[in-house]
Structures are given as C-alpha cells and as structure tokens.
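In case you want the letters, here they are:
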Amino acid sequence: MKLDKQRVFSLFIGIMMITWVVGIAMSSTIQSSQQGLIIQNVYDRVLTANEKITILRSGRVLIEHLYTGTHESLEKKAAYENFVARFKDFVVLETVEVEQENQTVDQMINPNGDIIPMDNVSAGQLVDVFCDNTLFQPKECLLRSI
C-alpha cells in the first residue's frame with residue numbers, strides 16, 4: 001500500500017481531531033471535580049492546601065489572618081470581615097485564632113501565588129493593596145483612579 005501526501009495529511013488531521021476531543025473531555029472532567037467545592041467567603045478554620053489552590057484557581061484573593069486574641073488583632077479581623085463582605089465575589093478570608101505569637105500569619109495571596117504581607121496595612125489602605133494585587137478587579141478598583 002502506497003502512502004501519498006494526501007493520505008498522510010488526512011491521517012495527521014484525523015489524529016489531531018481525536019487528540020483534541022480527548023483533551024476537551026479530560027479538561028471538562030477536571031473542571032467538574034473542582035466545581036464540587038463550594039467556596040465560602042469566610043473560613044474560621046485552617047484551610048487545606050487543596051482548598052487554597054481551588055480558591056486561587058477560581059481567581060479570588062485569599063487573605064490569611066491567623067491571630068492571637070489581642071485587641072488590635074480583633075480589630076483587624078473585623079476590618080477584614082467588613083472588607084470581604086464588600087468584595088465577596090473577589091476575596092476569601094481565612095481567620096483563625098491561634099495560641100502562640102509565633103503562629104500568627106497576616107498576608108494576602110493573589111491568584112498568581114504572590115504573597116503580600118499585611119502586617120503594616122491599615123483598614124484604609126486595604127482596598128488599594130487589594131486592587132493593586134488582584135487579577136479580576138471589581139468596579140470599585142476600576143473607578144478609584146477617576
């Protein structure tokens with residue numbers, strides 16, 4: 001059987017179409033398994049690595065606030081909760097009270113995986129830091145420069 005250029009090209013196109021269909025089927029399976037997790041706005045427990053990955057892959061920013069029971073920490077927690085209520089489709093808050101000072105974490109993680117320390121960020125600066133580091137910007141971010 002002699003293979004000419006036309007048959008080789010037809011065979012190549014056929015293989016490409018089959019691999020394309022298989023790729024689409026596999027990607028829809030991966031997406032449906034990730035959609036099984038319902039993302040909440042505020043978590044009062046430590047998130048697993050898979051939960052964090054799912055949150056970041058959804059395009060949301062994750063604020064991790066592990067704090068001791070000091071007055072300043074509780075004020076910052078309240079500021080974060082108000083902020084998340086305002087930008088609920090764009091931000092997820094993980095807030096957990098810890099016992100030791102060396103266990104505290106106060107940071108923002110954007111969907112690219114960049115970590116932004118939030119230790120010296122006031123409630124008034126929170127919107128600016130968020131808008132500068134998020135991929136999907138709400139209208140408040142887009143309108144702040146006007």
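Residues numbered from 1 in each chain as written. Predicted model: local features only at pLDDT ≥ 70, side-chain atom pairs only at ≥ 80, totals over all residues. Heavy atoms only, no water.

> What is the right way to look at helix H3 (residues 71-86) in this model?
Within an α-helix, residues lying three or four positions from one another point in the same direction, as the helix has 3.6 residues per turn. Taking 1.5 Å as the rise per residue, H3 with 16 residues should run 22 Å; its terminal C-alpha atoms sit 23 Å apart, in good agreement. By the burial criterion, the buried members of H3 are Ser73, Lys76, Tyr80, Phe83 and Val84. The buried residues of H3 occupy an angular sector of 95° when the element is viewed end-on, so they sit on one face. Pointing more than 90 degrees away from the buried face of H3 are the exposed residues His71, Asn82, Ala85 and Arg86. Contacts made by the buried residues of H3 are with strand E1 (42-43), strand E2 (61-67), strand E3 (91-97), strand E4 (105-109) and helix H4 (126-133). (Helix = DSSP H or I, 4+ residues; strand = E, 2+ residues; numbered from the N terminus. Expected span 1.5 Å × (residues − 1). Buried < 20%, exposed > 50% of the residue type's maximum accessible area, 1.4 Å probe, protein only. Arc of directions from axis to C-beta. Contact = heavy atoms within 4.5 Å.)

> Where do I start with a nonpolar patch on the surface in this structure?
A grouping of Phe9, Phe12 and Met16 is seen on the molecular surface, where their side chains present a nonpolar patch of about 340 Å² in accessible area. Considering the arrangement of structural elements, one finds Phe12 in helix H1 (residues 5-34). (Patch = residues over 30% accessible without salt bridge, like charges linked within 9 Å, V, L, I, M, F, W, Y side chains within 5 Å. Areas by Shrake-Rupley, 256 points an atom, 1.4 Å probe, with all protein chains shown as cover. Salt bridge = Lys/Arg side-chain N within 4 Å of Asp/Glu carboxyl O.)

> Explanation requested: the pattern of salt bridges in the structure shown.
A pair can form between side chains of opposite charge whenever their charged atoms are brought close. Tallied over the entire structure, the rule returns 4 salt bridges. Its salt-bridge partner being Glu64, residue Lys52 comes within 2.7 Å of it at the nearest N-O pair. Here Glu64 lies in strand E2 and Lys52 lies in helix H2 (residues 49-57), a separation of 12 residues in the sequence. Note on Lys52: relative accessible area 23%, which makes it partly exposed. A relative accessible area of 5% places Glu64 in the buried class. Among the salt bridges present, the one from Lys77 reaches Glu81, with a minimum N-O distance of 3.9 Å. With Lys77 and Glu81 both in helix H3 and 4 residues apart, the pair spans about one turn of that helix. Looking at Glu81, the relative accessible area reads 32%, which means it is partly exposed.

> How do you make sense of the nonpolar core when you look at a structure like this?
In summary, soluble globular proteins display a tendency toward joint burial of nonpolar side chains. By size, the foremost hydrophobic cluster in this structure holds 18 residues, and its most contacted members are Ile63, Phe83, Val91, Met108, Met118 and Phe130. Within the residue set of this core, elements represented by two or more residues are E2, H3, E3 and H4. Residue contributions to this core peak at 5 residues, all from H4. Contacts of Phe83, omitting those with residues within four sequence positions, involve Ile63, Val91, Leu126, Val127 and Phe130. (Core = buried A, V, L, I, M, F, W, Y, C linked by side-chain atoms within 4.5 Å.)

> Explain the packing of H3 against H4 to me, please; I cannot follow it from the model alone.
In a packed pair of helices, the relevant descriptors are the angle between the two axes and the axis-to-axis distance. Contact geometry for H3 and H4: axes closest at 11 Å, N-to-C directions at 50°. As the angle between them shows, H3 and H4 are arranged oblique. Handedness of the crossing formed by H3 with H4: right-handed. Contacts between H3 and H4 pair Ala79, Tyr80, Phe83 and Arg86 from the former with Leu126, Val127 and Phe130 from the latter. Of the residues belonging to the contact of H3 with H4, the class tally is 6 nonpolar, no polar and 1 charged. (Axes fitted to C-alpha atoms, helices over the stretch in contact; angles between N-to-C directions. Parallel < 35°, antiparallel > 145°, perpendicular 65-115°, else oblique. Left-handed = near helix turned anticlockwise from the far one by under 90°. Nonpolar A, V, L, I, M, F, W, Y, C, P; charged D, E, K, R; others polar.)

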